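Structural characterization, general
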Amino acid sequence: QVQLVESGGGLVQTGGSLRLSCAASESIVSFSYMGWYRQAPGKQREMVATITIGGNTNHADSVKGRFTISRDTAKNTVYLQMNSLKPEDTAVYYCKAQALTMTAPSHIYWGQGTQVTVSS
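Figured I'd write up the structure that's included with this text. All of these numbers come straight from a predicted model, not from anything done at the bench.

We now examine the state of the cysteines. For the structure shown, the criterion picks out one disulfide. Covalent S-S linkage joins cysteine 22 and cysteine 95, the inter-sulfur distance amounting to 2.1 Å. Of note, the bridge from cysteine 22 to cysteine 95 carries an S-S torsion of about -80° and is left-handed in sense. With cysteine 22 in strand 3 (residues 18–24) and cysteine 95 in strand 9 (residues 91–99), this pair connects stretches of sequence that are 73 residues apart. For the pair shown, cysteine 22 and cysteine 95 are each scored as buried.

Put into structure tokens, the structure is as follows:
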């Protein structure tokens, strides 16, 4: 079974930076896309950023210009560089991966989540 292990969360002040890491148990070219999602207390989980197997990225409007998703295939790892952090970025951040397949259904995997807290 695919496992996604997240790390890098923590407590920072407004304007600070963090880099989240998502290490997969197998090559990330096994996935059609990977992404970062977050869930704040009392809120629904929302997409933050995604990266496809072809390297195309997409970022939520709320984080464009501040967050950047990237990958290192040699390390089976996807990153989320978070700069200019705001208190509203406080949430549990989850890594997601969708298995590469030519037909449905596709397996979807989630990491355990890592907490990001931004103080004001």
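Structure shown, so let's carry the discussion forward.
Side chains of Val29, Ile53 and Leu100 sit close together on the surface and give an oily, nonpolar patch of about 250 Å² of accessible area. With respect to the helices and strands, leucine 100 occurs in the loop between strand 9 and strand 10 (108–110). Leucine 100 sits in the partly exposed class, given a relative accessible area of 48%.

As summarised here, the arrangement of the four strands in space is 1-3-8-7, forming an open sheet in which the pairing is antiparallel. Either end of the sheet is taken by a strand with one partner, and the two such strands are strand 1 (4–7) and strand 7 (67–72). For this sheet, the mean inter-axis angle between neighbouring strands, taken without regard to orientation, is 15°. Sheet topology note: the strand 1/strand 3 ladder contains four bridges and is antiparallel.

Attention now goes to the environment of glutamine 81. Topologically, glutamine 81 is positioned in strand 8 (residues 77–82). Sequence separation between glutamine 81 and valine 29 is 52 residues, and the spatial gap between their C-alpha atoms is 21 Å. If we ignore the near neighbours within four places in the chain, the residues touching glutamine 81 are Ser17, Leu18, Arg19, Arg66, Phe67 and Thr68. Here the side chain of glutamine 81 touches asparagine 83 through a polar contact of 3.0 Å, side chain to side chain.

Another point: the pattern of salt bridges. This model, assessed by the stated rule, comprises four salt bridges. Salt-bridge contacts for arginine 38 lead to glutamate 46; the nearest nitrogen and oxygen are separated by 2.8 Å. Note that aspartate 61 is salt-bridged to lysine 64, the shortest N-O span being 3.1 Å. Owing to a relative accessible area of 64%, aspartate 61 belongs among the exposed residues under this scheme. Residues joined in a network through salt bridges with shared partners are Arg38, Glu46, Arg66 and Asp89.

A separate point is the nonpolar core. Of all hydrophobic cores here, the largest spans 30 residues; its most connected members are Leu4, Met34, Trp36, Leu80, Met82 and Tyr93. For this core, the elements supplying multiple residues, two or more each, are strand 3, strand 4 (31–39), strand 5 (46–52), strand 7, strand 8, strand 9 and strand 11 (114–119). Looking at this core element by element, the count peaks at five residues for strand 9. Once residues within four sequence positions are removed from consideration, tyrosine 93 is found in contact with Glu6, Leu20, Trp36, Tyr37, Arg38, Val48, Phe67, Leu80, Met82, Gly113, Thr114 and Val116.

Rules used in this analysis
Residues numbered from 1 in each chain as written. Predicted model: local features only at pLDDT ≥ 70, side-chain atom pairs only at ≥ 80, totals over all residues. Heavy atoms only, no water. Disulfide = S-S within 2.5 Å. Helix = DSSP H or I, 4+ residues; strand = E, 2+ residues; numbered from the N terminus. Buried < 20%, exposed > 50% of the residue type's maximum accessible area, 1.4 Å probe, protein only. Patch = residues over 30% accessible without salt bridge, like charges linked within 9 Å, V, L, I, M, F, W, Y side chains within 5 Å. Areas by Shrake-Rupley, 256 points an atom, 1.4 Å probe, with all protein chains shown as cover. Salt bridge = Lys/Arg side-chain N within 4 Å of Asp/Glu carboxyl O. Pairing = 2+ DSSP bridges. Axes fitted to C-alpha atoms, helices over the stretch in contact; angles between N-to-C directions. Contact = heavy atoms within 4.5 Å. Polar contact = N/O pair within 3.5 Å; in protein donor to acceptor, adjacent residues only side chain to side chain. Core = buried A, V, L, I, M, F, W, Y, C linked by side-chain atoms within 4.5 Å.

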